[in-house]
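# Understanding the architecture of this molecule
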Amino acid sequence: MKNCLLSHFRVVKYESVKGQTDNVYDCGSCLTDKMMRGIEMSKDIHTEAVDHLFDAVLCLKNREECYTFFEDICTINELLALSQRFEVAHMLREQKTYLDIAEKTGASTATISRVNRSLNYGNDGYEMVFQRLENKE
């Protein structure tokens, strides 16, 4: 296992691609590539309903339209949770500590850990968006 700055680990059950359950020691940021092989971290989201949602988002023209749409489709707490995760990802990219992130965003260490795992082992969606935002400036 990689060296970890955290002193605590938890055992997390992940469902493998073959449907078996695997125990993985996880501190939220230190899963090794070997541990991640063959482990499915999310359900299949590629559905017609999700396609329709994404098509709707892609047709929005500006920030004001985003506010109008997302205020209708999400609860305030859901929208704030999404924005909190995005802010956590931004701060993790800037190498901020979990403590700094928790203090600034109010995110739990579990949320910070989940976002960190997505940054390190996800589909690079955060990175794609951050790169585009940087290029836009």
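Here is what the cut-offs are and how they apply
- Residues numbered from 1 in each chain as written.
- Predicted model: local features only at pLDDT ≥ 70, side-chain atom pairs only at ≥ 80, totals over all residues.
- Heavy atoms only, no water.
- Helix = DSSP H or I, 4+ residues; strand = E, 2+ residues; numbered from the N terminus.
- Contact = heavy atoms within 4.5 Å.
- Areas by Shrake-Rupley, 256 points an atom, 1.4 Å probe, with all protein chains shown as cover.
- Axes fitted to C-alpha atoms, helices over the stretch in contact; angles between N-to-C directions.
- Left-handed = near helix turned anticlockwise from the far one by under 90°.
- Nonpolar A, V, L, I, M, F, W, Y, C, P; charged D, E, K, R; others polar.
- Buried < 20%, exposed > 50% of the residue type's maximum accessible area, 1.4 Å probe, protein only.

### Looking at the overall build of the chain
A tally of helices and strands in the chain yields seven helices and two strands. In the chain, the succession of helices and strands from N to C terminus is β-β-α-α-α-α-α-α-α. Taking as baseline every contact in the chain between residues at least 6 positions apart, the subset at least 24 positions apart corresponds to 44%. Accessible area for the chain stands at about 10500 Å²; split by element, carbon and sulfur atoms hold 52% of it.

### Some points on the packing of helix 4 (residues 76-93) against helix 5 (residues 98-105)
Where helix 4 contacts helix 5, the two axes come as close as 10 Å, and the packing angle between them is 145°. Between helix 4 and helix 5 the crossing geometry is right-handed. Here helix 4 contributes Gln84, Glu87, Val88, Met91 and Leu92 to the contact with helix 5, which in turn contributes Tyr98, Asp100, Ile101, Lys104 and Thr105. Among the residues forming the contact of helix 4 with helix 5, the class breakdown is five nonpolar, two polar and three charged.

### Considering unusual backbone geometry
Unlike most non-glycine residues, glutamine 95 shows phi in positive territory, near 65°. Along the polypeptide, glutamine 95 turns up in the loop between helix 4 and helix 5. Exposure remark for glutamine 95: the relative accessible area of 68% places this residue in the exposed category.

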